[in-house]
Amino acid sequence: MASTPSRMIRLLSLLQTCRGWPGPELAARLGVSPRTLRRDIDRLRELGYPVRAAPGTGGGYRLEAGRAMPPLVLDDEEAVAIAISLRTAAGGTVAGIEETSVRALAKLEQVLPGRLRRQVNALQSYTVPLVSQGPAADPDVLTVIAQACRDHERLGFAYRKRDGDGGTRLVEPYRLVHLARKWYLVAWDAGREDWRTFRADRMASPRPAGQRFRPRELPSPDIARYVAESVTASLARHRAVVTLHAPFAAVAERLRPQDGVLTVVDEHTCRLHTAADSLQWLALTLGMFDVDFEVHEPPELIAYIRALTTRLSRATPA
């Protein structure tokens, strides 16, 4: 007879096949007596697994949905399929679940055997997405970062800045934030003794430094907005100040974090401080709010919108 832990794992695996098992058949599969089977079923119930028994002497057992999510037992094919799906979702394929996917991927890959991890890497390497979504972070990099955030462990990595200069960093990692199809790490930079935001696709060879740290108070209670403001501030090529002729609430519900910082002017208008790499992108962002607006600065954006208006007018003959 197998040991109790290994037998219970085998029992759980059988119950998770989503079919009802007659008691005698299930006991035979496990090589135990009906009495031992009933004890193992009771142990699973104590651990939170909702195992239901059908009435009668030959009644069966079925694992049903419960109030909480207990641990699952996966076979090799299921583990590989879930890892691939989480890596895909982490890249932003399904909007809104990117950060959750990275957390789940970090937990799964921590316990994934090396042979299965190699299968996942091979499938990921030789699968080409239909649509490119710009610079993408390596899922392995995201996993290492997420685990370091969870374990409060210092992280070292090579980093390439926007201007192309490179160097190494040692940080206390806190949060991964998905913004505008890019991943950003919010961390305390030990060398600079200040909070920094790092783009994950510019990070290489992240590695735990083997040093635990005591968590600091985050630089903002709204870490997503903090990242958005940090990213906006770094895009120093074109900064804009715009008055939008619409109530704050009406604009705020359409505002993405990367669009900038919105403030109230009065009950009918609000002001947007934003920045971008190009005048074209600024004009497009403002137009998508679908409200009247007035650009205060920069002069280059005012001139560009005037030229764009003339061009669009020529495209719609009277």
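Residues numbered from 1 in each chain as written. Predicted model: local features only at pLDDT ≥ 70, side-chain atom pairs only at ≥ 80, totals over all residues. Heavy atoms only, no water.

**Thoughts on the overall build of the protein**
Counting its regular elements, the protein contains 11 helices and 12 strands. For the protein, the residues scored as buried account for 37% of the 318 residues in total. Taking all contacts inside the protein whose residues are at least 6 apart in sequence as the whole, residues at least 24 apart take part in 58%. If you sum the accessible surface of the protein, you get close to 18700 Å²; carbon and sulfur atoms cover 53% of it. (Helix = DSSP H or I, 4+ residues; strand = E, 2+ residues; numbered from the N terminus. Buried < 20%, exposed > 50% of the residue type's maximum accessible area, 1.4 Å probe, protein only. Contact = heavy atoms within 4.5 Å. Areas by Shrake-Rupley, 256 points an atom, 1.4 Å probe, with all protein chains shown as cover.)

**With respect to the packing of helix H10 (residues 279–288) against helix H11 (residues 299–314)**
Packing of H10 against H11 leaves a shortest axis separation of 10 Å and a crossing angle of 70 degrees. Between H10 and H11, the angle is such that the two are roughly perpendicular. In contact with Leu279, Gln280, Leu282, Ala283 and Leu286 of H10, H11 contributes Glu300, Leu301, Tyr304, Ile305 and Leu308. Per-class residue counts for the contact of H10 with H11 are 8 nonpolar, 1 polar and 1 charged. (Axes fitted to C-alpha atoms, helices over the stretch in contact; angles between N-to-C directions. Parallel < 35°, antiparallel > 145°, perpendicular 65-115°, else oblique. Nonpolar A, V, L, I, M, F, W, Y, C, P; charged D, E, K, R; others polar.)

**A few points about the sheet that holds strand S3 (residues 60–63)**
Within the open sheet, the 3 strands sit side by side as S1-S3-S2. Their pairing is antiparallel. Sheet topology places strand S1 (21–22) and strand S2 (51–53) at the edges, where each strand pairs with a single neighbour. Looking at chain direction, S2 and S3 are connected through 3 bridges and run antiparallel. Paired with Arg52 across the two strands is Arg62, which belongs to S3. In this fold helix H1 (residues 4–15) packs onto S1, S2 and S3, with an angle of close to 80 degrees to the strand it touches most, S3. (Pairing = 2+ DSSP bridges.)

**What to know about the packing of aromatic side chains**
Within the structure shown, the criterion is met by 6 aromatic pairs. Between Phe157 and Phe198, the ring centres sit 5.3 Å apart and the planes meet at 80 degrees, which makes this aromatic pair edge-to-face. In this pair, Phe157 sits in strand S4 (residues 153–160) while Phe198 sits in strand S7 (residues 194–199), placing the two residues 41 residues apart along the sequence. A relative accessible area of 0% places Phe157 in the buried class. (Phe/Tyr/Trp six-rings, centres within 6.5 Å; stacked < 30°, edge-to-face > 60°.)

**What about the environment of Asp138?**
For Asp138, the location among the structural elements is in the loop between helix H6 (114–125) and helix H7 (139–151). On the accessibility criterion, Asp138 (38% relative accessible area) is partly exposed. C-alpha separation for the pair Asp138 and Arg87, spaced 51 residues apart in sequence, amounts to 9.1 Å.

**Brief notes about the sheet that holds strand S6 (residues 182–189)**
A sheet is described by the order of its strands in space; here 5 strands give the open sequence S7-S6-S5-S4-S8, paired in antiparallel fashion. Each edge of the open sheet is held by one strand with a lone partner, namely S7 and strand S8 (203–212). This sheet shows a mean twist of 45 degrees between the axes of neighbouring strands, independent of strand direction. Here S4 pairs with strand S5 (residues 166–179) via 6 bridges, running antiparallel. Residue pairing for S5: Gly156 is matched across the bridge by Leu170.

**Focus: unusual backbone geometry**
Trans is the prevailing form of peptide bonds, just as negative phi is the prevailing case for residues other than glycine. With an omega dihedral of 5 degrees, the bond running from Glu297 to Pro298 counts as a cis peptide bond. For Pro298, the location among the structural elements is in the loop between strand S12 (293–297) and H11. For His152, which is not glycine, the phi dihedral falls at a positive 55 degrees. Residue Ser205 is not a glycine yet carries a positive backbone phi of 50 degrees. Examined against the element boundaries, Ser205 turns out to sit in strand S8. Assessed through its relative accessible area of 56%, Ser205 is described here as exposed.

**Digging into the pairing of S6**
In terms of burial, S6 is largely enclosed, as 7 of its 8 residues are buried. Here S5 pairs with S6 via 8 bridges, running antiparallel. Its bridge partner being in S6, Arg175 is matched across the sheet by Val186. In this structure, S6 lies alongside S7, joined through 6 bridges in antiparallel fashion.

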